[in-house]
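# Examination of the molecular architecture
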Amino acid sequence: DFMGWQQQKTGERTVQGVIQQALTRLPGEHSQVHGAGRTDRGVHALALTAHLDTSLELPPEKFRLALNAHLPPDVKVLEVSEAAADFEAQYSCQYRRYLYRLRVVRGAPRGLALDRHRVLAVHRRLDVAAMQEAARTIAGRHDFSGFATQETRSRERTVLLSELREEHGELRYHVVADGFLRNMIRTVVGTLLWVGKGKLLPGDIPGIIAARDRRRAGHNVAAHGLY
């Protein structure tokens, strides 16, 4: 129910925005809250790190409780701790980890109504072993231009972990990297789905990466499966 993390000039509801609003209800002066990353609309955050400066002298746990008292039900602060003076949530980050959840629901729709905004429903059988093999080829340092859209930054990234796991009745794609490009994970998952459906082979992935051509990779899957 947010337009992502980043506060918008046009006033849409964002995670950063509601945290800033909650801070105005607390005594003292507070800087802007800076997040470690910017999630897109529809993406969930399980443990996003952020930092701020404050003149309010409260023990960290009491600060957490006070802030949560003024936050809406769909945002909660999990932990507060004092940071070093040079800590910066975005640039002190050592790696970024994402999860994408899929569920094959062909003939087994249990739970889909409740999880419709939390997991991507797949309505056909998939070659999971082929998808897992393809996922492993994503790891390493590559130019990921073929998996990005509207990206102006350097497109080289180091992927430290890329695994598709069968967990809790779902297919869960775990990926860790030093950073990600715009829509990169959602495009990778869309490409893995093409492999699972037989449109691509696992051995095609290195060629797609080398080509740096967005037209050769899969579609962007929906945001609501991404954490």
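The shown structure was predicted, so the numbers you read here are calculated from the model rather than taken from an experiment.

Further remarks concern the packing of aromatic side chains. Scanning the model with the defined rule gives 2 aromatic pairs in all. An angle of 80 degrees between the planes, with centres 5.3 Å apart, marks the rings of Tyr98 and Phe180 as edge-to-face. Of this pair, Tyr98 sits in strand 3 (residues 96-104) while Phe180 sits in the loop between strand 7 (170-177) and helix 4 (184-196), and the two are 82 residues apart along the sequence. A ring pair is formed by Phe144 and Phe147, whose centres lie 6.2 Å apart and whose planes are at 65 degrees; its orientation type is edge-to-face. As far as the burial class goes, Phe144 and Phe147 line up, both buried.

So, on to the confidence of the model for the protein chain. Scored by pLDDT, the protein chain has a mean of 93; 100% of the residues are at 70 or more. The secondary-structure element of the protein chain with the lowest mean pLDDT is strand 1 (residues 34-35), recorded at 94, while helix 3 (residues 128-136) shows the highest, at 98.

A separate point is the environment of Ala83. If you trace the backbone, Ala83 turns up in the loop between helix 2 (60-69) and strand 3. For the pair Ala83 and Asp53, spaced 30 residues apart in sequence, the C-alpha separation works out to 9.7 Å.

With 4 bridges joining them, strand 5 (residues 140-143) and strand 6 (residues 156-167) adopt antiparallel strand pairing. Bridge pairing in strand 6 places His142 opposite Arg157. Hairpin geometry of strand 6 and strand 7 is characterised by an intervening segment of 2 residues between the two adjacent antiparallel strands and by a positive phi of about 55 degrees at His168.

With that out of the way, let us pick up unusual backbone geometry. For Asn183, which is not glycine, the phi dihedral falls at a positive 65 degrees. The topology assignment puts Asn183 in the loop between strand 7 and helix 4. One non-glycine residue, Arg212, lies in the positive phi region at around 55 degrees. Relative to the helices and strands, Arg212 is located in the segment after helix 5 (205-211).

Parameters at a glance
Position numbers for residues start from 1 in each chain and track the written sequence from start to end. The predicted origin of the model limits local features to residues at a pLDDT of at least 70 and limits the giving and counting of side-chain atom pairs to 80 or more, whereas totals for whole chains, interfaces and linings rest on all residues. By convention in this description, side-chain values take in all heavy atoms of the structure and omit both hydrogens and water. What counts as a ring pair is set by centres within 6.5 Å for rings of Phe, Tyr and Trp (its six-membered ring), and what kind of pair is set by the plane angle: stacked under 30 degrees, edge-to-face over 60, tilted for all other angles. A run of H or I in DSSP becomes a helix once it reaches four residues, and a run of E becomes a strand once it reaches two; helices and strands are each numbered from the N terminus. Each residue is assigned to one of three classes by its accessible area relative to the maximum for its type, calculated with a 1.4 Å probe on protein chains only: buried under 20%, partly exposed between the two thresholds, exposed over 50%. A score between 0 and 100, pLDDT records how confident the predictor is in each residue. Strands are labelled as partners when DSSP assigns at least two bridges between them.

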